[in-house]
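Geometric and topological summary
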Amino acid sequence: GKTLRVAVIPGDGIGQEVMPEGIACLKAAAKRYDIDIQLDEKFQDWATCDRYVKEGSMLPENWKETLQQYDSIYFGAVGDPARVPDHISLWGSLIQFRREFDQYISLRPCRLMPGIKCPLADKKVGDIDFWVVRENTEGEYSSIGGKMFPGTDREFVVQDTIMTRHGVDRVLKYAFDLAQKRPRKKLTSATKSNGISISMPYWDERVKEMHQQYPDVEVDKYHIDILTAFFVLRPEAFDVVVGSNLFGDILSDLGPACTGSIGVAPSGNINPEGRFPSLFEPVHGSAPDIAGKGIANPIGAIWAGQMMLMHYGYKEAADKMMEAIEVALEKGGPNVITPDLGGKGDCAGLGGHIAKLIETL
Ligand code: NAD
Ligand code: IPM
Ligand code: MN
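Residues numbered from 1 in each chain as written. Chains lettered and ligands numbered in written order. Predicted model: local features only at pLDDT ≥ 70, side-chain atom pairs only at ≥ 80, totals over all residues.

**Some remarks on the overall build of the chain**
- Within the chain, the secondary structure is distributed over 12 helices and 12 strands.
- Its C-alpha radius of gyration of 20 Å places the chain within 12% of the 21 Å reference for a compact globule of 361 residues.
- Across its three principal directions, the C-alpha atoms of the chain cover 60 × 50 × 40 Å.
- Within the chain, counting contacts between residues at least 6 apart in sequence, those at least 24 apart form 75% of the total. (Helix = DSSP H or I, 4+ residues; strand = E, 2+ residues; numbered from the N terminus. Rg over C-alpha atoms; globule rule 2.2 N^0.38 Å. Contact = placed C-beta atoms within 7 Å.)

**What about helix α11 (residues 315–331)?**
- Relative to the 24 Å expected for 17 residues at 1.5 Å per residue, α11 spans 24 Å between its end C-alpha atoms, a close match to the ideal helical length.
- Taken residue by residue, α11 has Ala317, Ala318, Lys320, Met321, Ala324, Ile325, Ala328 and Leu329 as its buried positions.
- Buried residues along α11 sit against α1 (15–33), α10 (299–311) and α12 (347–360).
- Where α11 ends, the next residue or the one after it, Gly333, has phi of about 85°, a positive value. (Expected span 1.5 Å × (residues − 1). Buried ≥ 20, exposed ≤ 12 C-beta atoms within 10 Å, placed from the backbone.)

**A closer look at unusual backbone geometry**
- Not every positive phi belongs to a glycine, and Asp102 is a case in point at roughly 45°.
- Judged by the 18 C-beta atoms lying within 10 Å of it, Asp102 falls in the partly exposed class.
- Not every positive phi belongs to a glycine, and Ala287 is a case in point at roughly 45°.
- The residue Ala287 is located in the loop between β12 (278–282) and α10 in this model.
- When the 22 C-beta atoms within 10 Å are taken as the criterion, Ala287 is described as buried.

**Details of the pairing of strand β5 (residues 129–135)**
- Buried residues dominate β5, accounting for 6 of its 7 residues.
- Inspection of the sheet shows strand β4 (residues 105–111) paired to β5 by 7 bridges, in the antiparallel sense. Paired with Cys110 across the strands is Phe130, a residue of β5.
- In this structure, β5 lies alongside strand β10 (residues 240–243), joined through 4 bridges in parallel fashion. Residue Val133 lies in a different strand from β10, and its bridge partner there is Val242. (Pairing = 2+ DSSP bridges.)

**Examining the nonpolar core**
- Counting 67 residues, the largest nonpolar core has Cys25, Met321, Ile325, Ile354 and Ile358 as its most contacted members.
- Of all hydrophobic cores here, the second largest spans 32 residues; its members include Tyr104, Trp131, Val133 and Phe176. (Core = buried A, V, L, I, M, F, W, Y, C linked by C-beta atoms within 7 Å.)

**Quick look at the site of ligand 2**
- Around ligand 2, a shell composed of Leu90, Ile95, Asp249, Val283 and Gly285 is seen.
- Classifying every residue of the shell around ligand 2 gives 3 nonpolar, 1 polar and 1 charged. (Near = placed C-beta within 6 Å. Nonpolar A, V, L, I, M, F, W, Y, C, P; charged D, E, K, R; others polar.)

**A closer look at the domain arrangement of the chain**
- Assigned domains within the chain: domain 1 (1–105 + 265–361) and domain 2 (129–258).
- Taken over C-alpha atoms, the centre of domain 1 sits 25 Å from the centre of domain 2.
- Tallying the contact residues gives 13 residues for domain 1 and 13 residues for domain 2.
- Elements with a minimum of two residues in the side of domain 1 that touches domain 2: α5 (94–100) and β11 (266–270).
- It is α5 that contributes the most residues to the side of domain 1 that touches domain 2, 3 residues altogether.
- Across the side of domain 1 that touches domain 2, the residue classes tally to 7 nonpolar, 3 polar and 3 charged. (Domains from an automatic or database assignment.)

**A closer look at the site of ligand 1**
- Every one of the 22 residues lining ligand 1 counts as a neighbour, but Gly79, Gly263, His284, Gly285 and Asn297 are closest to it.
- When grouped by side-chain class, the residues that make up the shell around ligand 1 number 11 nonpolar, 7 polar and 4 charged.

**Quick look at the pairing of β11**
- Counting buried positions along β11 gives 5 out of 5 residues, so the element sits mostly inside the fold.
- With burial as the criterion, each face of β11 is covered, one bearing Pro266, Gly268 and Ile270 and the other bearing Ser267 and Asn269.
- In the sheet, β4 pairs with β11 via 3 bridges, with the strands oriented antiparallel. Paired with Ile105 across the two strands is Ile270, which belongs to β11.
- Direction of pairing for β11 relative to β12: antiparallel, over a ladder of 4 bridges.

**Regarding the environment of Gly22**
- Assignment of secondary structure puts Gly22 in helix α1.
- For Gly22, a count of 33 C-beta atoms within 10 Å corresponds to the buried category.
- Put simply, Gly22 and Gly305 are 283 residues apart on the chain and 6.4 Å apart in space, counted from C-alpha to C-alpha.
- When sequence neighbours within four positions are dropped, the list of residues in contact with Gly22 reads Tyr74, Pro298, Ala301, Ile302, Ala304 and Gly305.

**A word on the confidence of the model for the chain**
- For the chain, per-residue confidence averages 97 on the pLDDT scale, and residues scoring 70 or more make up 100% of the total.
- Scored as a complex, the prediction yields pTM 0.98 and ipTM 0.99. (pLDDT = per-residue confidence, 0-100.)

**Considering the UniProt feature "domain: Isopropylmalate dehydrogenase-like" (unreviewed entry) in the chain**
- UniProt's entry tags residues 5–354 with the feature "domain: Isopropylmalate dehydrogenase-like" (unreviewed entry), counted in the numbering of this structure.
- With 39% helix and 19% strand, residues 5–354 has its two end C-alpha atoms placed 23 Å apart. (UniProt positions renumbered as here; feature names shortened; annotations may be inferred.)

**Considering the packing of α1 against α12**
- Direction vectors running N to C along α1 and α12 enclose 10°, while the axes themselves pass 8 Å from each other. What the angle tells us is that α1 and α12 run roughly parallel. Seen from α1, the contacting residues are Glu17, Val18, Glu21, Ala24, Cys25, Ala28, Ala29 and Arg32; seen from α12, they are Cys347, Ala348, Gly351, Gly352, Ile354, Ala355, Ile358 and Glu359.
- Taken together, the residues that form the contact of α1 with α12 break down as 10 nonpolar, 2 polar and 4 charged. (Axes fitted to C-alpha atoms, helices over the stretch in contact; angles between N-to-C directions. Parallel < 35°, antiparallel > 145°, perpendicular 65-115°, else oblique.)

Now the structure itself:
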């Protein structure tokens, strides 16, 4: 077969700690299932605040041509807010990747995993199992606007939200397609058309229009405020949840938090047409509060690697990785499980444990 070429970019903070575990697990899966994968680790200082402090930029100038030569990007996390403002480090790296590589889908599972004590009362495995589909290239994340009359008492800022028909329709289509493939065939749309009176009614209008092409999919919509409440009060109700860039961002931290830890949550930043590399990363950030301690949960990164294999068609290997993650959570015990899930284990211990399970299960 063809070689799957992956650029590995660990980034800042716990990105540097969780990615070696993700790589070990991918290598274990590749070995067992004879997958021809090349994990290129020469991007050690790309998308790091260290690099920014030394060289004045998060990435070299030719980053796009360089990464374009890969099938995929396997990414850790970025951010060191004590040294570099977050909007500088993120807009200089991850957000550029998403936009320039037209990764317009952010796909984020929320699933209650075995062995995890759910923070919501009386939930069991199977009760929480849905996907957040987040618009990933436009919406509230625009850099169109500015500050006027700085330093005066007339000072103000304005920042535009962009919703193009093309951009809204393509994420809705992806979400409807996904819902249609699932047994429940249910799509929930996040809106706020009561308060945000132009862009959100437009979003609703496009949902209604797109629904006509998917008569077998059941659709409901909630304003984002009550939707966050329903994530906590009745997470069983959700199957596929689609939202704008900002709403999807919020829902994809809340959803995983309702399943025990954001440390286990993965995400795919997908260019479905494959014209550009897609990027797989944990949902979490660089976690400066625990960075350097070796206690980060590596499962978000490992599961992101699993999503990558699934995306490129290596289903058997991906299923085995998922099984290994589940067995580790259920049977690993307190010496293996990391502190975010109540254990006393560490990042390398849990990662190594999962890699071993991938080889032997
Ligand atoms: P964060 O996800 O980094 O951390 C939030 C909390 O969750 C912290 O208490 C952290 O210790 C904990 N946590 C996160 N991942 C964990 C893991 N794997 N195991 C155990 N605990 C974990 O979010 P934040 O604090 O808002 O942001 C910190 C920095 O990361 C900022 O610079 C932010 O901009 C950046 N960030 C980057 C990304 C990304 O690169 N995709 C995502 C979110 C935040
Ligand atoms: C995420 C992160 C990013 C986002 C930040 C770091 C810009 O929170 O991937 O969810 O808002 O998209
Ligand atoms: Mn986020």
